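# Topology and contacts: notes
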Amino acid sequence: MKLENEKAYRVKGLSQDILEHLMEDNTSYNSEDLKHVIEMLARTVLDLVTVYTDREGDHDTVLKGTISKMRISYNVLQYKEISKLVRKQDKYHPQP
């Protein structure tokens, strides 16, 4: 049960990180990227409901999958933000 709680806190932390990224005013995202993030987050909700309602299931495996899906969502948001900054930097500092 302790391991499950640690994983649940990891899910909570990733959720907070995703929300912080999405709430930043200066960042815009491609609609396809957001669609992918929404799909992954909907799948995590499904996973969490499964953990909550299925008392006999393999919660450890389900929570690992949930964390992976959340990391994918976070990475999509993080990657787009970083790539945007790199493109902006390259625009002003072209390579010879």
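These numbers were taken from a predicted model, which means no experiment stands behind them. (Residues numbered from 1 in each chain as written. Predicted model: local features only at pLDDT ≥ 70, side-chain atom pairs only at ≥ 80, totals over all residues. Heavy atoms only, no water.)

### Side note on the overall build of the chain
Selection criterion: Strands are runs of DSSP state E lasting at least two residues, helices are runs of H or I lasting at least four, and both sets are numbered from the N terminus onward. Per-residue accessibility, obtained with a 1.4 Å probe over protein chains only, is compared with the maximum for each type, and a residue is labelled buried under 20%, exposed over 50%, and partly exposed between these values. Only heavy atoms enter the contact rule, under which two residues are in contact if any of them lie within 4.5 Å. For the accessible areas, the method is Shrake-Rupley and the probe is 1.4 Å, while residue cover comes only from the protein chains on display.
For the chain, the count of helices and strands is 3 helices and 0 strands. Of the regular secondary structure in the chain, the N- to C-terminal order runs α-α-α. For the chain, the residues scored as buried account for 24% of the 96 residues in total. For the chain, long-range pairs separated by at least 24 residues make up 78% of all intrachain contacts whose partners lie at least 6 apart in sequence. With an accessible surface of roughly 7200 Å², the chain has 56% of that area assigned to carbon and sulfur atoms.

### Concerning the nonpolar core
Quick note on the threshold: Only buried residues count toward a nonpolar core, which is a set of Ala, Val, Leu, Ile, Met, Phe, Trp, Tyr and Cys residues joined through side-chain atoms within 4.5 Å.
Ranked by size, the top nonpolar core spans 9 residues in total: Val11, Leu14, Ile18, Tyr29, Val37, Ile67, Met70, Val76 and Leu77. Sorting the residues of this core by element identifies α1 (2-23) and α3 (59-92) as the ones contributing at least two each. By residue number, the principal contributor to this core is α3, which donates 4 residues.

### Structural notes on α1
Selection rule: A helix's residues, less one, multiplied by 1.5 Å, set its expected span. This arc describes the spread of directions from the helix axis toward the C-beta atoms.
For α1, which comprises 22 residues, the first-to-last C-alpha distance of 32 Å matches the rise-based estimate of 32 Å (1.5 Å per residue) to within 8%. Burial in α1 covers these residues: Lys7, Val11, Leu14, Ile18 and His21. Looking down the long axis of α1, one finds its buried residues gathered within 85 degrees of arc, a one-sided arrangement. Of the exposed residues in α1, the ones pointing more than 90 degrees away from its buried face are Lys2, Tyr9, Glu20 and Met23.

### Points about the confidence of the model for the chain
Condition: Residue-level confidence of the predictor is what pLDDT reports, using numbers from 0 through 100.
Averaged over all residues, the pLDDT of the chain equals 82, while 81% of them reach at least 70. No element of the chain has a lower mean pLDDT than α3, at 78, and none a higher one than helix α2 (residues 31-53), at 90.

### What to know about the pattern of salt bridges
This is how it is decided: By definition here, a salt bridge exists when the distance from a side-chain nitrogen of Lys or Arg to a carboxyl oxygen of Asp or Glu is within 4 Å.
A full pass over the atoms with the stated rule returns 4 salt bridges. Across the pair Arg43 and Glu39 runs a salt bridge whose closest N-O atoms are separated by 3.0 Å. You can see Arg43 and its partner Glu39 sitting in helix α2, 4 residues apart, about one turn around the helix. Given the relative accessible area of 34%, Glu39 is considered partly exposed. Among the salt bridges present, the one from Lys64 reaches Asp60, with a minimum N-O distance of 3.7 Å. Linking Lys64 with Asp60, this pair stays in helix α3, spanning 4 residues, or about one helical turn. A cluster of three or more residues bridged by salt bridges with shared partners is formed by Lys7, Asp60 and Lys64.

### Regarding α2
Here is the rule: Any pair of N or O atoms that falls within 3.5 Å is considered a polar contact. Within protein, one atom must be able to donate a hydrogen and the other to accept it, and sequence-neighbouring residues count only if both atoms are side-chain atoms.
Look at α2: 33 Å from first C-alpha to last across 23 residues, which is about the 33 Å you get at 1.5 Å a residue. Taken together, the buried positions of α2 are Asp33, Val37, Met40, Thr44, Asp47 and Val51. For α2, the N-terminal cap is Asn30; the gap from its side-chain oxygen to the backbone nitrogen of Glu32 is 2.6 Å.

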